[in-house]
Amino acid sequence: MAWRDGRASGKRLLLFMASIVLGIAAVVSIQSFGENLKENIGLRSKVLMGADYRIDSNQPANKKVQSIIDSLGGADAMEVKFNSMAAFSKNGATKFVQVRGMEGDFPLYGELETEPLEAAHTYRQKGGALVDATAMLQFNLKPGDSIKLGTVTFPIIGSLIKAPGSIGIGSSIAPPVIVPFRFMEPSGLLQRGSRLEYDYYFKAPDADLEALDKFVDPLLDVENADMDTHTDTSRQLGRRYDNIGRFLNLVAFIALLLGCVGIASSVHIYIKEKLRAVAILKCLGASRKQTFVIFLIQIIGMGLTGGGIGTILGLLLQRSFPFMLQGFLPFEVQISTSYQTIVIGLVLGVFMSVLFALAPLISTWYVSPLQVLRVQENTDVKSRPVRLAVFGSILFFVFLFALWLLGNFKFALGFVLGILITFAVLSGIALWFMRIVKRYFPKSWSFTARQSLLNLFRPNNQTVVLILAIGIGTFLISTLYFTKDFLLAKATLESKTQSPNMIMFDVQTDQKEAIANAIRVKGLPVLENMPIITMRLQKIKDRSANEIRLDSTSGINKWILSHEFRVTYRDMLISSEKLMDGNFNAEVLPNRPIPISLSDNVARDAQVVVGDTLLFNVQGMLMETMVGSIREVDWGRMQLNFSIVFPPGVLEKAPQFHVLATNAPNKALSANLQKELVQKFPNVSILDLRQILLLIEGILDKISWVIGFMAFFSIITGIIVLIGSVRNSKYQRIKESVLLRTIGAKSEQILKIIALEYLYLGALGSGIGVFLALIGSQLLARFVFEVPFVPSWIPFLIVMPAITLLVLGIGLSNSRTILRSPPLRVLRKEIV
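(A) Structural context of the confidence of the model for the chain. Confidence along the chain averages 80 in pLDDT terms, with 79% of residues attaining 70 or more. Every residue in residues 491–497 scores below 50 in pLDDT, and together they form 16 contacts with partners more than four places removed in sequence or on other chains.

Right, dumping it as structure tokens:
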């Protein structure tokens, strides 16, 4: 019976099935790719690090660290890593690069990928350099050309395609250049104040890394060093992509929820038409269970088919993800089939179909045989307790699914509440609109206008469902545009002449005036000339850093204890700072702790407030300080921000280096100044913020594209839901429209009625969606990103009209059957 009835209603059930296909495809593709990514990271963690474990420090190994290294059998390879400027003799160009001075047979796992292949092994013997392949192309370099680092000029032995440790976005800002370690000291680049990192690599395939890390790492922490295992690397990489994966999962889940709205809508209309047939079956002796199961089998069959098609589509789509996320992945992901996600897709298709179809399906249980005679019978009151139980089950499932995707109870609860609020607002506005139209019906309007409004609140209307589908889709795409704009605005530099766009750091004290004069000779201003002093925390209040490290119950963040702070001194706040507590210009008194200003994140992680004392080790000299003020710092601003600021008159004689900044109005002047400074001061590194800005914009554009691609699933799903709802409602409208034609209405009038109805629905749904996106994005900008919100005009001028026209087009295209059908065929119920 289920097969016969389903075959007769095949087209309409296909639309029901299509509602879930894209949602399942989105979930399966992202879940399957996520499983592949975790598997690849786990298998390649040794290759990504280049060793089983490493010991790193920002200074050469002291006696204690060296003794620990020796006790472990000695390092199999080591390197010093830092950022510097490189000059290319071929064309006089300069580039900010990451210099990696290698010693030993690194990597211990995997290979340096170079062109030519032998360059990975010959660069050490030849005393040459391996230069990042992208930089080679950018500056038209070839093997045999030369690169100057500091005072040493290296022949380029080959291009570096891939190397352990040179991954992600950082390598795009500062492309790696590998040279032999023995040339580092002669280059003059290992200056005081330079941010150096010494890494010692070990190969120990049989070692218990977890036990080793637990024993050795605390010993290294005392000496301001650290131990990382390859398993740590895999966990860090996994966390790096978790947020992107979770967000895409949520977008896919929303697409699935939209499909579920389509399921509920389609089944609701479908079952309403079948109530008379159910009543006849009961008159012939069919039981409640039999009539219920007939339609339940149809739903299960469509859910299984839709889940299967969605799963196949998702597995095909999964293969495009490595290309979409290419800029974020440090390795090529090998795609494999995840059987777990196939099972998830099939089970999810069936389960979601049945769960969301139950609410309208319940009505078949309560249909009385008298329904054959009584065309209208209210079964809602009888089925209300069961419907409430079904709605509760739906909410519980949505929460469990969100918890599975996010792995956080609060986030999952927040997501469910957010979905409820969004759906409630859209449904509430739709119901309110229907009541307003009904209450203040414009009786003086023309016949076609009145009839189109009547369609919005008459029986079998689809106003709520259509506005939900249109509104959610519009909400997603509009939020994408709003957030993309203010995120890009956050990263964009101000185009003012007084905003620095070139920063020179690692400037030694005896170089400061000469570099400042070189800037002024070019007619450029010296906008900032900041001294920087390095220091470490020795004591917090009355407890030493070592004591706090050993206290497992301490709530103080451990990074505070091992971090080398770079501080400055000045007597005023800058534009990116806001005073939260205390007095920034507190007076320095004799024989009293020096009043300093902390950023709010440092004060929070160190668990100190205004008036607490801190003891710093300033390169061998102990200095007692007191928290005089706490500042809120906007770290997203493209300017020099500091965690700790001292007052003037304290650190002037301490060993220090300087950071200078200027504004170069054009690319040519910037390149000319960089070339001159690199030749005269090879230890100075120069950041051209315009290049970084272009990189950031490119990254944000790529993120926006990925998010937009996934939002596309929700929009397409919404459109399919829309088509399904319109087509299903068409069967309710055909008889009424033909009756209008029978009593004299023309086809043009009916077409206008339908066009106006869907114009109202499209404009209302898309308008509410844009309005909700505007509010949501404003809340995100204020409370999450803490940036000014300037709304984009694209959702108002493009998205909203486009979706309105799309709704109108779908409504009109589905009205062709009504206009082509002879009235007599409809009245004889011969139309299918």
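The rest of the description comes next.
(B) Representation of the pairing of strand E18 (residues 621–633). Where strand E15 (residues 577–582) and E18 come together, five bridges link them in antiparallel fashion. By the bridge assignment for E18, lysine 578 is matched with glutamate 632. In this structure, strand E16 (residues 594–599) lies alongside E18, joined through six bridges in parallel fashion. If you follow serine 597 over to E18, its bridge partner there is serine 629. Relative to E18, strand E17 (residues 613–618) is paired through six bridges, and the arrangement is antiparallel. Looking at E18, one finds that threonine 613 is bridged to methionine 626. Once E17 ends, the chain turns through two residues before running back antiparallel as E18, passing glutamine 619 with a positive phi of about 50°.

(C) Representation of the environment of phenylalanine 409. Counting through the fold element by element, phenylalanine 409 comes out in helix H14 (residues 409–439). Here the alpha-carbon distance between phenylalanine 409 and phenylalanine 399, two residues 10 residues apart in the chain, equals 9.0 Å. Excluding residues within four positions of it along the chain, phenylalanine 409 makes contact with Phe399 and Leu403.

(D) Local environment of the packing of helix H17 (residues 512–521) against helix H21 (residues 667–680). One can describe the packing of H17 onto H21 by two numbers: an axis separation of 11 Å at closest approach and a directional angle of 150°. What the angle tells us is that H17 and H21 run roughly antiparallel. Where H17 crosses over H21, the handedness of that crossing is right-handed. From H17, Ile515, Ala518 and Ile519 reach across to H21, where they touch Leu673, Glu676 and Leu677.

(E) Spatial organisation of unusual backbone geometry. Proline 107 follows phenylalanine 106 through a cis peptide bond whose omega is 0°. For proline 107, the location among the structural elements is in the loop between strand E3 (94–104) and strand E4 (113–115). Cis geometry is adopted by the peptide bond preceding proline 116, which originates at glutamate 115 and carries an omega value of 5°. Its location among the elements puts proline 116 in the loop between E4 and helix H4 (119–126). Not every positive phi belongs to a glycine, and lysine 541 is a case in point at roughly 55°. As for its placement among the helices and strands, lysine 541 is situated in the loop between strand E12 (528–540) and strand E13 (543–544). Non-glycine residue glutamine 619 carries a positive phi angle of around 50°. Considering the arrangement of structural elements, one finds glutamine 619 in the loop between E17 and E18.

(F) How the structure looks around H21. Helix length check: H21, at 14 residues, gives a terminal C-alpha distance of 20 Å against a target of 20 Å (1.5 Å per residue), a fit within 8%. Here H21 has its buried residues at Ser670, Leu673, Gln674, Glu676, Leu677 and Val678.

(G) Spatial organisation of the pairing of strand E1 (residues 53–57). Counted residue by residue, E1 has five buried out of five residues, so it is predominantly covered. Residues Tyr53, Ile55 and Ser57 point to one face of E1 and Arg54 and Asp56 to the other, with burial holding for every one of them. Inspection of the sheet shows E1 paired to strand E10 (residues 225–229) by five bridges, in the antiparallel sense. By the bridge assignment for E10, isoleucine 55 is matched with methionine 227. Note that E1 and strand E9 (residues 197–202) share five bridges and pair antiparallel. Residue serine 57 lies in a different strand from E9, and its bridge partner there is tyrosine 198.

(H) Up close: the pattern of salt bridges. With the rule as written, the count across this model stands at 15 salt bridges. The closest approach of N and O atoms between aspartate 52 and lysine 46, which form a salt bridge, is 3.2 Å. Lysine 46 sits in the partly exposed class, given a relative accessible area of 24%. In this structure, arginine 124 engages aspartate 105 in a salt bridge whose closest nitrogen and oxygen atoms are separated by 3.6 Å. Pair noted here: arginine 124 is in helix H4 and aspartate 105 is in the loop between E3 and E4, with a separation of 19 residues, a long-range link. One continuous salt-bridge network, built from bridges that share partners, spans Lys522, Glu676 and Lys680.

(I) Geometry of the nonpolar core. In this structure, Ile271, Phe295, Leu348, Phe356, Leu361, Leu426 and Ile467 are the most contacted members of the largest nonpolar core, which totals 70 residues. What phenylalanine 295 contacts, discounting residues up to four positions off in sequence, is Asp5, Tyr270, Ile271, Lys274, Val278, Leu361 and Thr364. Grouped together as the second largest cluster of nonpolar side chains are 39 residues, Met136, Ile147, Met184 and Leu220 included.

(J) Just a nonpolar patch on the surface, in detail. Together, Leu395, Phe409, Leu413, Leu417, Leu420 and Ile421 make up a nonpolar patch on the protein surface, roughly 540 Å² of accessible area in all. Broken down by element, the residue count for the nonpolar patch peaks at five residues, all from H14. Since its relative accessible area comes to 37%, leucine 395 is described here as partly exposed.

(K) Fine view of the environment of alanine 264. Note on placement: alanine 264 falls in helix H9 (residues 230–283). Not counting the four nearest positions on each side in its chain, alanine 264 is found in contact with Phe356 and Pro360.

(L) Local environment of the packing of aromatic side chains. Tallied over the entire structure, the rule returns 12 aromatic pairs. For the ring pair phenylalanine 88 and phenylalanine 139, a centre distance of 4.9 Å and an interplane angle of 35° mean the geometry is tilted. A residue pair is termed long-range when its members are at least 10 positions apart, and phenylalanine 88 in strand E2 (residues 77–88) and phenylalanine 139 in the loop between helix H5 (133–138) and strand E6 (146–149) qualify at 51 residues. Taken as a pair, phenylalanine 88 and phenylalanine 139 share a single burial class, namely buried. Between phenylalanine 106 and tyrosine 201, the aromatic rings sit 4.5 Å apart at their centres with planes inclined by 45°, giving tilted as the arrangement.

Definitions and cut-offs
Residues numbered from 1 in each chain as written. Predicted model: local features only at pLDDT ≥ 70, side-chain atom pairs only at ≥ 80, totals over all residues. Heavy atoms only, no water. pLDDT = per-residue confidence, 0-100. Contact = heavy atoms within 4.5 Å. Pairing = 2+ DSSP bridges. Helix = DSSP H or I, 4+ residues; strand = E, 2+ residues; numbered from the N terminus. Axes fitted to C-alpha atoms, helices over the stretch in contact; angles between N-to-C directions. Parallel < 35°, antiparallel > 145°, perpendicular 65-115°, else oblique. Left-handed = near helix turned anticlockwise from the far one by under 90°. Expected span 1.5 Å × (residues − 1). Buried < 20%, exposed > 50% of the residue type's maximum accessible area, 1.4 Å probe, protein only. Salt bridge = Lys/Arg side-chain N within 4 Å of Asp/Glu carboxyl O. Core = buried A, V, L, I, M, F, W, Y, C linked by side-chain atoms within 4.5 Å. Patch = residues over 30% accessible without salt bridge, like charges linked within 9 Å, V, L, I, M, F, W, Y side chains within 5 Å. Areas by Shrake-Rupley, 256 points an atom, 1.4 Å probe, with all protein chains shown as cover. Phe/Tyr/Trp six-rings, centres within 6.5 Å; stacked < 30°, edge-to-face > 60°.

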